[in-house]
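Chain by chain, the residues:
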Amino acid sequence: MSDHQLRVSKIPRGTVIDHIRAGQALNVLAILGIDGESGETVSVGMNIPSDRMGHKDIVKVEDRELSQDEVDVLSLIAPEATINIIREYEVAEKQYLERPKRVVGILSCPNHNCITNENEPVETKFDVLDDGVRCEYCGTIVRDDLAAHIAAE
Ligand SMILES: [Zn+2]
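All of the points below concern the structure found in this document. Computed from a predicted structure; not experimentally measured. (Residues numbered from 1 in each chain as written. Predicted model: local features only at pLDDT ≥ 70, side-chain atom pairs only at ≥ 80, totals over all residues. Heavy atoms only, no water.)

1. What about the sheet that holds strand E3 (residues 54-62)?
How we decide: One requirement defines pairing of two strands: DSSP has to find at least two bridges between them. Where helices and strands are cited, they refer to DSSP runs of H or I of at least four residues and of E of at least two residues respectively, numbered from the N terminus. Only C-alpha atoms enter the line fits that serve as axes; for helices the fit covers just the stretch in contact. Angles between N-to-C directions range over 0 to 180 degrees.
The strand order E2-E3-E1-E4-E5 describes an open sheet built from 5 strands, whose pairing is antiparallel. Pairing within the sheet leaves two strands with one partner each, and these edge strands are strand E2 (42-50) and strand E5 (90-96). Going across the sheet, the axis of each strand differs from the next one's by a mean of 20 degrees, ignoring polarity. Note that strand E1 (residues 13-21) and strand E4 (residues 82-87) share 6 bridges and pair antiparallel. Across the sheet, residue Thr 15 finds its bridge partner in E4, namely Ile 85.

Here it is, written out as structure tokens:
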């Protein structure tokens, strides 16, 4: 299979996340909780030439559509991404990302004394700021490398 065919090959059903900022594909997989062990068929393209972006990453996940929470966190690390929901080999829906006002249950708080890090069943909640996110419980602000704070499932 040529390189070109590999890039454009269609999937029967699932989600294609396109126009991911180059270098962010692995963080996108982390957000989606994909580590290769749950059996999903996933294709990842990195540093693919793009007219619009210079280079981009692309992630295709078969047999899965994304939850709104996942889409919200994606928008923080890959604001230019487009999400294509595929059904019967065709794009059934195209979604552009919008910055959410808050993200719930996806990021973990870096403050070890935060109630969300105790053994309490408290879901993390972060307000989205212009330049980062703020924990609603303890006020800790995370500005850099949000992907490093994605809560492990
Ligand atoms: Zn906190």
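2. Observations concerning unusual backbone geometry
Most of the time, phi is negative for any residue but glycine, and the peptide bond is trans. Note the threshold: Buried means the residue's accessible area, taken with a 1.4 Å probe over protein chains only, is under 20% of the maximum for its type, while exposed means over 50%, and partly exposed covers the values in between.
The backbone of His 19 sits at a positive phi, close to 55 degrees, despite the residue not being glycine. Tracing the sequence through the fold places His 19 in strand E1. When its relative accessible area of 14% is taken as the criterion, His 19 is described as buried.

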